[in-house]
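# Observations on the model geometry
Read off the chains here:
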Amino acid sequence: MIWEAVQGVAFKLSNMLTIDKRATVTQLRAQMAAVGGGYSAEPAVETSVVQPDYSNTLPISGELGEILPGGGFPRMAVSEIDPCGMLIADTLARASAAGHYVAVVGWPELLLADVLDHGDVHRVFVIPDGGADPLHTIGVLAEGMDLIIFRSARDWQISPTRVRPLLAKVRAGCAAVVLSGAHIPSPAVRVSATPRAFSGLGPGHGRIRGIDIAITVRSKQQPPRTHTLTLGEDTHHTLQLQHAN
Amino acid sequence: MAVACLWFPDWPAHAATDDPFAPCAIVKNHEIIVLNNAARHLGLRRGMRERHAKSIAPHVTLCPHDPQRDARLFDAVAESLDAVAAGVEIIRPGLVVVAWDALVKFYRAEDTAMEKLLTAASTPGVDTCIGVADEVSTAILSARHGRIVPSGESRAFLAGISLRHAAAEESFDLCPDTLATLQDAGLTTLGDVAALTPTAMMTRFGMRGARIVDIALGRDTRRVAPALPAEERAVRIVPAEPITRVDEAAFCARQVGAELAAWLRAQSVVCRRLKISVEFTDPTSGEAQWCSRTWHTHMAVDEKMIAERIRWQLDGWLSSGTRGVITVVEVDPVECVIAPDGELWDAGKAREEAARSAAVRVQAHLGAGAVLQPSVHGGVSPTERVTLLPYGDAVCAEDTRAWPGRLTAPHPAHVGSAPPEVTLRDAAGRAVIVTAGVVLSGTPHTVKWGHSCYTVEGWSALWPAEEHWWDSSAPRMARMQLVARDERGMSHAWLMVWRDRQWHLEAAYA
């Protein structure tokens, strides 16, 4: 009798557990939440892979922008690029033509002929000598400019103690900072660029019409992407047609 | 109406002789420069040669030119004017300007003031003419015509004055050649000159043209020196405690900015150049030194901009730390101009403002010449077409995309400070040069500069640069693009230039 009663209770309990399992669990969770200690009554949501926020990128037109994550260099972050002057002059020209303010620090040998042809000279600022502390200068510029390119003549591994104040200022501003020749522990985007071939010249005739640059883009948001970019008159001709339309 | 002018016609002639009715003329360099009315009636004129004058009127008294005598005798007149008016300024013996508004205020009526002036100035035998106008130059001309020009009607009055009358007044110091050229062009009155654009006059005649334009437009901003002390232009603040920290500097900057902006507003001028001077005192040794920096702006500065610049400048100086503590801050608006068309501040968009202020802050830190902007010029080579000018100077952005003969994209990106010399050799080891017919003397095979040697893969035709073709001593240049491979197989491309019988690397495609 007692055994039956126990069995009956056990059966009831098991029934309770199966039928009202969800309700019981909910009730138990609520009780745990009431006790406190950081336990939340909601069941843990299964998190999917975090999508990167692309709204905060400085868009770069052209082939370089197509392989950069988000279509351009990330704002309020520091990226790295190889010191390939032609690619950078082209990028500056495109950015200034799009209405962004760009600054070049520490690169007196850079020739800005592309900016004359396709960009806006009023939006380009050149600081040939960044002073004794060029990182401070970059921090000051980060408050107002859209794109800052810094060239270090020597191969400079910036120590974490010096990177921290720079990153703080860059995050407080609105600029996309791109270092060339200087390295930080973890750049947002790393672009390597090597000129490979010059096309258009023959023995005694023709002129340089296209420059092939092999580009590899490494970033946290995507696997490394490689592309061969061609700089030449044709690419800009397309750009002008787009502007005309 | 700010200025009254008293004119004593032919004063040197009156100073030279006691009898006003005897004909007298002043001679300088054998030419008559001043003569009294009696001499005029005899037929003598200004500019006449001495011998010619003697032949017309043998008994006329000819006196030598003596400015000292004129001034000495005129001093008595000036003194008697001093008794009735303050702010009497002598332009030359025979021409006096008086601060009119203050005088009218003192005597409470214009008629009384004028009567007092004329009574004080009257000398037996000498005429006195008076004129009143807003500006000094207009007042001088109005005195010569005996007119009172109401306030604001200077331009209308000046339009009717002929250039010959203006030239007759020697204190204007107008160049006779310029006036002759203008008269040949058909411009006879100051109104005709005022109708021209001032820039055109300045371009053609330089400073002399500017002087005539200023007189014609009534733009003479000189004031008659009043007896009251002149207002100090520079704003100087001596902080109670020496400034050592940036936030104290910010507070001081705001104060100075507000004061200076109020002063500029009161004067209805806008400032385009600020000079910030600061006295640093070394706390240990007590010695002081002054540092100053001048700020150049395109647009008029407003209160916020003034305060910003002072704050950044003090920040820049303080953060270098080596100079000491700040004891005096002085800001001097060096270049003040009349606000054009009533606009005092520039609107400016937010993004442009942010970029501009960032560039200006870097200028504060590193110097005005540290931040540059590319300026476009015409030229064939991309190295010639770009010049870097300090930010804030005018950037010439003419459209040179269609410059004839220019090198087209893609452009090289690396320019060395001194283009190095290179040697171009053919397969046999002979040097490849550019002949007079602008062709290469051989087929290039290797390029050598410094210690590096490259094998040539391709080269373009030569671009001769025909500049200054009228000057036979001008250097002749020819440009060529060259692609070469180094020992490791990497391709390089350069823009080479043939100049002074030698190849140079003008720019690199790198």
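Residues numbered from 1 in each chain as written. Chains lettered and ligands numbered in written order. Predicted model: local features only at pLDDT ≥ 70, side-chain atom pairs only at ≥ 80, totals over all residues. Heavy atoms only, no water.

### Quick word on the overall build of chain A
Per the secondary structure count, chain A includes eight helices and 10 strands. A separation threshold of at least 6 residues defines the contact pool for chain A, and within that pool the share at least 24 residues apart is 60%. Taken as a whole, chain A presents about 12,600 Å² of accessible surface, with 57% of it coming from carbon and sulfur. (Helix = DSSP H or I, 4+ residues; strand = E, 2+ residues; numbered from the N terminus. Contact = heavy atoms within 4.5 Å. Areas by Shrake-Rupley, 256 points an atom, 1.4 Å probe, with all protein chains shown as cover.)

### Some thoughts on helix H6 (residues 110–121) of chain B
All names here are of chain B. With 12 residues, H6 ought to run about 16 Å at 1.5 Å a step, and its terminal C-alpha atoms sit 16 Å apart, in line with that. Among the residues of H6, those classed as buried are Ala113, Met114, Leu117, Ala120 and Ala121. Take H6 and look down its axis: the buried residues cluster within an arc of 135 degrees, on one side only. When the buried face of H6 is taken as reference, the exposed residues oriented beyond 90 degrees from it are Asp111, Glu115 and Thr119. (Expected span 1.5 Å × (residues − 1). Buried < 20%, exposed > 50% of the residue type's maximum accessible area, 1.4 Å probe, protein only. Arc of directions from axis to C-beta.)

### Brief notes about the interface of chain A and chain B
Of the residues lining the interface, 50 residues belong to chain A; the matching set on chain B comes to 48 residues. Between chain A and chain B the total buried area reaches about 4,100 Å² when both faces are included, carbon and sulfur atoms providing 66% of it. By the criterion of area lost to chain B, the three top residues of chain A are Leu111, Leu116 and Asp117 of chain A, representing 16% of everything that side buries. The tally of links between chain A and chain B comes to two salt bridges. The partner of Glu143 of chain A in a salt bridge is Arg361 of chain B, with the nearest N and O atoms 3.1 Å apart. Counting every contact that joins chain A to chain B gives 15 residue pairs in polar contact (both at pLDDT 80 or more). Taken together, the elements giving at least two residues each to the side of chain A that touches chain B come down to helix H4 (85–97), helix H5 (113–118), strand S5 (124–127), helix H6 (134–141), strand S8 (189–201), strand S9 (206–219), strand S10 (225–232) and helix H8 (233–244) of chain A. Taken together, the residues that form the side of chain A that touches chain B break down as 24 nonpolar, 15 polar and 11 charged. (Buried area = accessible area lost by both parts, 1.4 Å probe. Salt bridge = Lys/Arg side-chain N within 4 Å of Asp/Glu carboxyl O. Polar contact = N/O pair within 3.5 Å; in protein donor to acceptor, adjacent residues only side chain to side chain. Nonpolar A, V, L, I, M, F, W, Y, C, P; charged D, E, K, R; others polar.)

### Focus: the confidence of the model for chain B
Residue and element names in this part refer to chain B. Model confidence for chain B is summarised by a mean pLDDT of 83, while 91% of its residues fall at 70 or above. Between the elements of chain B, mean pLDDT differs from a low of 76, seen in strand S5 (residues 88–92), to a high of 93, seen in strand S7 (residues 129–133). A low-confidence stretch, residues 226–230 (pLDDT under 50), is modelled with one contact involving residues beyond four sequence positions or located in other chains. In this model, residues 342–348 is a region of pLDDT below 50 whose contacts with residues beyond four sequence positions or in other chains number 10 contacts. Interface predicted TM-score (ipTM) for the complex: 0.72; the corresponding pTM is 0.51. (pLDDT = per-residue confidence, 0-100.)

### Structural notes on the pattern of salt bridges
Using the criterion set out here, one finds 21 salt bridges over all chains in the structure. With a closest N to O distance of 3.1 Å, Arg190 of chain A and Glu80 of chain A form a salt bridge. Of this pair, Arg190 of chain A sits in strand S8 while Glu80 of chain A sits in strand S3 (residues 77–81), and the two are 110 residues apart along the sequence. Look at Arg190 of chain A and you get partly exposed, because its relative accessible area is 22%. Residue classification places Glu80 of chain A among the buried positions, given a relative accessible area of 3%. The closest approach of N and O atoms between Lys54 of chain B and Glu50 of chain B, which form a salt bridge, is 3.9 Å. Separated by four residues within a single helix, Lys54 of chain B and Glu50 of chain B lie in helix H3 (residues 50–56), roughly one turn from each other. In this structure Glu50 of chain B comes out as partly exposed when scored by relative accessible area, which is 21%. Sharing partners across several salt bridges, the network here consists of Glu80, Asp82 and Arg190 of chain A.

### Considering the packing of helix H5 (residues 100–107) of chain B against H6 of chain B
All names here are of chain B. Axis separation between H5 and H6 bottoms out at 8 Å; the angle between their running directions is 110 degrees. Compared by their axis directions, H5 and H6 come out roughly perpendicular. For the pair H5 and H6, the contacting residues are Trp100, Leu103, Val104 and Tyr107 in the first and Glu110, Thr112, Ala113, Met114, Lys116 and Leu117 in the second. For the contact of H5 with H6, the class distribution of residues is seven nonpolar, one polar and two charged. (Axes fitted to C-alpha atoms, helices over the stretch in contact; angles between N-to-C directions. Parallel < 35°, antiparallel > 145°, perpendicular 65-115°, else oblique.)

### A look at the nonpolar core
Counting residues in hydrophobic clusters, the biggest one holds 62 residues, and the most contacted among them are Leu141, Met145, Ile148 and Leu179 of chain A. No other element matches the eight residues that helix H14 (residues 246–267) of chain B contributes to this core. Beyond its immediate sequence surroundings of up to four residues, Ile148 of chain A is in contact with Ala103, Val105, Ile138, Leu141, Ala142, Ala175, Ala176, Val177 and Val178 of chain A. In terms of nonpolar packing, the next biggest core, distinct from the first, is built from 53 residues, Ile67, Val124, Val189 and Leu229 of chain A among them. (Core = buried A, V, L, I, M, F, W, Y, C linked by side-chain atoms within 4.5 Å.)

### Structural notes on the sheet that holds strand S1 (residues 3–7) of chain B
Residues and elements named next belong to chain B. On the basis of which strands lie adjacent, the open sheet formed by four strands has the order S5-S6-S1-S7 and antiparallel pairing. Of all strands in the sheet, those with a lone pairing partner are S5 and S7, marking the two edges. Each strand axis lies, on average, 25 degrees off the axis of its neighbour in the sheet, ignoring direction. Note that S1 and strand S6 (residues 95–99) share five bridges and pair antiparallel. Residue Ala4 lies in a different strand from S6, and its bridge partner there is Val98. Packing against the sheet, helix H4 (residues 67–84) makes contact with S1, S5 and S6, and its axis sits at approximately 155 degrees to S5. Against the sheet, H5 contacts S1, S6 and S7, and its axis sits at roughly 60 degrees relative to S6. (Pairing = 2+ DSSP bridges.)

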